[in-house]
Every structure is written in structure tokens, then in C-alpha cells.
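Residues per chain are reported as follows:
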Amino acid sequence: MNQSKLDWAHAWLGGVADKPSDDAKFIDQLKNELPVLPFLGLPFAEEMIAQLEEHESFLRGFKHMLLLGIGGSALGPRALQRAFAPGQDRPNYDGPCLWIADNVDPDWLENHLEKLVPEETVVVVISKSGGTIETMTQYLIVLPWLQKMLPDTWKDHLFMVTDTVKGPLREEVNKYGIRSMPVPDNLGGRYSVLSAVGMVPAVFMGMDWKGLLKGAMSVGRPLAQNPEALLDHPAWKLARWAYQMSEAGKSQVIYFCYIPSWATFGPWFCQLWAESLGKDGKGTQPIPATGVTDQHSLLQMFLDGPKDKICLFVSSPADKSILPIPAEVPAQWQYLSGQTFGDVLEAETIATRATLAEKDVPTVHLDMADSSAESAGKMMMLLEAATIFTGWLMGINPVDQPAVENGKKLARARLGMAGTEADAARLAAFTDIPSVNMEF
Ligand code: PA5
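Residues numbered from 1 in each chain as written. Predicted model: local features only at pLDDT ≥ 70, side-chain atom pairs only at ≥ 80, totals over all residues. Heavy atoms only, no water.

S.K.: Any chance you could explain the overall build of the protein chain here in plain terms?
M.R.: Within the protein chain, the secondary structure is distributed over 16 helices and ten strands. What you see for the protein chain is a C-alpha radius of gyration of 23 Å, in line with the 22 Å of a compact globule of 440 residues. For the protein chain, buried positions account for 50% of its 440 residues. When contacts within the protein chain are restricted to residue pairs at least 6 apart in sequence, long-range pairs at least 24 apart make up 77% of them. Of the roughly 20,800 Å² of accessible surface on the protein chain, 55% is carried by carbon and sulfur atoms. Here the protein chain contributes 37 positive and 53 negative side-chain charges, whose respective centroids are spaced 3 Å apart. (Helix = DSSP H or I, 4+ residues; strand = E, 2+ residues; numbered from the N terminus. Rg over C-alpha atoms; globule rule 2.2 N^0.38 Å. Buried < 20%, exposed > 50% of the residue type's maximum accessible area, 1.4 Å probe, protein only. Contact = heavy atoms within 4.5 Å. Areas by Shrake-Rupley, 256 points an atom, 1.4 Å probe, with all protein chains shown as cover. Lys, Arg positive; Asp, Glu negative; His and termini not counted. Charge placed at Lys NZ, Arg CZ, Asp CG, Glu CD.)

Pasting the structure below:
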């Protein structure tokens, strides 16, 4: 396999210089925190692989998987689906279908429950906490649907991925004897795609999930096994760059993906970055963008808008073996004749990188060896580790999300949960303010 690389040639633009600093203390931090950063070394991987192999024939026996989950329990599976099992969005498809319910969308859920054939469907409920209101609401609606449609066999159409011992979902597993796999301790949603959270749907889709894990482990394990290597690790270098850029006023991070099938890694990365780093007035705003599509949408702003952006530019060699442009083309297109669709992608990739450099947008190029699952695993691990380290440099905790927890409390108060009187009063302070309406 060719090597994937970070290209730094255009990283330090816009007048921001790489300032030396004494980061040795972070080696000790890594040593201390390794036990609570299981995503890095994936110490659970071997046991998980054995469990997945046991569940494989069960999972692959269904035509449909209805995944109930949100945030980190949905964005990773969706990225893997779009990248490595894209058939469902293409004509004449007859393979396994993954339906991800990651919103409170009455129409979507009702429509799917009307149309899915229960005998052909496995419902997978994914929630680390087992208490997320959106996922639990879905479960409370889907469970009676399954029980009604399949009164004798409904348990054989359920699978849960949740905390090893605690939480309402784990209680359901224990109560009914439902098939399940654990989310290891200390593995928060946005860092969990390489656990059963992402791997159960991956197994169902029949993608190269072992390759994905292999790629991830090749990046994360050297660091987990030798924290002394931290300061030379690409994830640390990426974090230092992002941190120094934020200190210099670069407040937005573009994830610009020129591997078309990987476009949905954009939303995955953005959740990882935003929920990890937006704290205490700190952090940088992630922006997902897809090449070449967003050349005709967002790029103008990236190039000529405020000089507050940096860019993670992701590409891999384009496939030039297919889709040749015919020899006979109108005269003004003659220069394209004999080239392939891949040549066009490559030309636009280079042109955009050059334009970003001309406009002084600091850019690190994630020059991926190819678009395989193994390469994707490498990139995911690199970005997860870089996110954690950027948080350390910013002096914030990258694994919690206190501000959004607050909103969840208010929603529960609004729905009348017992013991939420104080939150209900805070909510009233908002709802009591009369609306200032302007019709349109
Ligand atoms: O990254 C996170 O921790 C969150 O986005 C969670 O994934 C999301 O809130 C869902 O949580 P849970 O898996 O507990 O249902």
C-alpha cells in the first residue's frame, strides 16, 4: 500500500509562523490520560472483532437495518455507508439497506415504519448513555411496532449498542435478553465510530471493516504504546498547527474533501471538532466542504471572504482508468479529448489547492494513498487524535459537551419530566418574554 502523507508546503501562510514551544508536559498528560482515551489504542479491538465475527451472519441475514441513534451514534455510520456502501443511493440496487434515524422527524419515521418489511429488518439502537431523548423516543415508538408486527420473534429483530453495564438501554438488554455489544467505558459518541457503534452497521453493509480498523490502529497504537513519541506524531503536529492558527485569529477550519465518496466524513469531522473544542469562548468553527461540488458554492467565500480560515484539504489519486472523454468532441473542448473524468478531478483538485495558496489560506494537505477503508481508518484516527490534542493546547476538555447538556435538560423540563422544576423555571424565563413578530 502507498503511504498517506500530510503535506505542509502551504500550511504556514497568511503571516502565521510556526513558533517553537516546550510541549514536553503533554507527554505526561498523554501518559496519565491514556486509560481514559480508549479510542487511541483501541485496546478493546481484538475482543470486539471476535464478537463482530460471531454476530456477522445474524446481521447480514437482514435486508434492512433501521439504526436509531444521533450525534456520534449516527454520523460515523453514515460516513462509512456513503463511502463504502454507496449502492443504496444508486440505480438498480438490491443489496443491504441501512436507514439511519437521527432526527425527530415524524414523517420520516412513520414513512419508514409503513414501508419496511419487519421480517427483513433488524432494528439497531445505538446510544452510549442509553438515555438520549431522541433515540429513546424512537425506540419507544419502534419497539411496539416490532412487537405488533412480529409478536413471537421481535427480540430476534433487535440489537443494541450501549454502555457495558449501565443505562436504560442496558436494562432493556438484560430484561429481554436482547443481542447487544458494548460501547467501552470512556468512549464518548464522537470518538466511538471505531467501536461497535460504527462496526455493527459496517458488518451489516459488508464493507472492509477490518481494513478500517487496521488503518486506524496503524496510526493510533504507536502513540498509545509509546507516549514519548507524541511530539513527533502527525496528529500532534496537526493540533499544534490548528492551535497556533486559532491563536493568530484563524477562527474557521474547512474540511475540504476531494475524494467524492468520502464527502460525508465532513459532517462526521465537524461534529468531532465542534463538540470537542467549542468551550469557554474558545475553539474554531468547522466547515464541511466537498470538492469539486463546493467550488460552485462555498469556495468564493473561502478565497475572498474574511481571512479567518484554515483548510484541511483531503485528496487521493483519482481513478483515471475509467470514463474516457470521447475523441470526437466539439473544437472548443478538443483539449479534453482522450482524457478521463479522473483527469478532470485531478486538475480541479490541484487548481483549487493552488488557488487557496495564492489567496494565503493556510492549508494542510491530507494526501491519502487511496480511498480504501484502510486509508479512511488512518484519517479518522489522525483527526480524532488531533482533535483531542488541540483541546489540550487550548486548555479545554475535549471529551465533554457541557453546553449542549444544558439544552437537553431544558427539553426534558418542557416535556414535564419529574424533578426538573428548576430547569422549567429557567425555561419560563425565556418563554415568558412576548414574541416580537414580523409577518412575511
Ligand atoms: O459525541 C457525543 O458524545 C454526542 O454527540 C453523542 O454521540 C450524542 O449526544 C448521542 O449520545 P448517546 O450515544 O449517549 O445516545
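Here the narrative resumes, following the displayed structure.
S.K.: What am I meant to see in the site of the ligand here?
M.R.: Taken together, 14 residues lie near the ligand, and Ser127, Ser129, Thr132, Gln271 and Glu275 sit nearest. In this structure, Gln271 approaches the ligand through a side-chain N or O atom, which is 2.6 Å from an oxygen atom. For the ligand, whose accessible area on its own is 380 Å², the fraction buried by protein is 90%. (Near = heavy atom within 4 Å. Polar contact = N/O pair within 3.5 Å; in protein donor to acceptor, adjacent residues only side chain to side chain.)

S.K.: What should I look at first to understand the domain arrangement of the protein chain in this one?
M.R.: Interface size is commonly expressed as the accessible surface area that is lost when the partners come together. Each assigned domain of the protein chain is listed with its residue range as follows: domain 1 (5-34 + 213-394) and domain 2 (37-207). On a C-alpha basis, the centres of domain 1 and domain 2 stand 29 Å from each other. Buried surface at the junction of domain 1 and domain 2, summed over both partners, amounts to about 2,400 Å²; 70% is from carbon and sulfur atoms. Here domain 1 and domain 2 share two salt bridges between them. Its salt-bridge partner being Arg221, residue Glu46 comes within 2.9 Å of it at the nearest N-O pair. The interface formed by domain 1 and domain 2 holds eight residue pairs in polar contact (both at pLDDT 80 or more) in total. Taken together, the elements giving at least two residues each to the side of domain 1 that touches domain 2 come down to α1 (25-33), α9 (209-225), α11 (265-277) and α14 (373-394). For the side of domain 1 that touches domain 2, the element with the highest residue contribution is α14, accounting for nine residues. Of the residues belonging to the side of domain 1 that touches domain 2, the class tally is 19 nonpolar, eight polar and five charged. (Domains from an automatic or database assignment. Buried area = accessible area lost by both parts, 1.4 Å probe. Salt bridge = Lys/Arg side-chain N within 4 Å of Asp/Glu carboxyl O. Nonpolar A, V, L, I, M, F, W, Y, C, P; charged D, E, K, R; others polar.)

S.K.: Please clarify how the sheet that holds strand β7 (residues 252-257) should be interpreted in this entry.
M.R.: Note on sheets: strands pair through backbone hydrogen bonds, and any given pair is parallel or antiparallel. In spatial order, the strands read β1-β10-β9-β7-β8; together these five strands make up an open sheet with mixed pairing. Each edge of the open sheet is held by one strand with a lone partner, namely β1 (5-7) and β8 (285-290). Neighbour to neighbour, the strand axes of the sheet diverge by 20 degrees on average, direction disregarded. When β7 meets β8, the two strands line up parallel, connected through six bridges. Note on β8: the bridge partner recorded for Ile254 is Ile287. Contacting β1, β7, β9 (309-315) and β10 (363-367), helix α13 (residues 341-358) crosses the sheet at an angle of about 160 degrees to β9. (Pairing = 2+ DSSP bridges. Axes fitted to C-alpha atoms, helices over the stretch in contact; angles between N-to-C directions.)

S.K.: Can you walk me through a nonpolar patch on the surface in this structure?
M.R.: A cluster of nonpolar side chains, Ile322, Leu323 and Phe341, forms an exposed patch at the surface whose accessible area comes to about 330 Å². You can see Ile322 is positioned in the loop between β9 and α13. (Patch = residues over 30% accessible without salt bridge, like charges linked within 9 Å, V, L, I, M, F, W, Y side chains within 5 Å.)

S.K.: Explain the side chain of Ser195 to me, please; I cannot follow it from the model alone.
M.R.: Looking at the element boundaries, Ser195 is found in the loop between β6 (179-183) and α8 (196-205). Overall, Ser195 belongs to the buried group, its relative accessible area being 0%. Setting aside residues up to four positions removed in sequence, Ser195 forms contacts with Phe44, Met48, Val183, Pro184 and Leu187.

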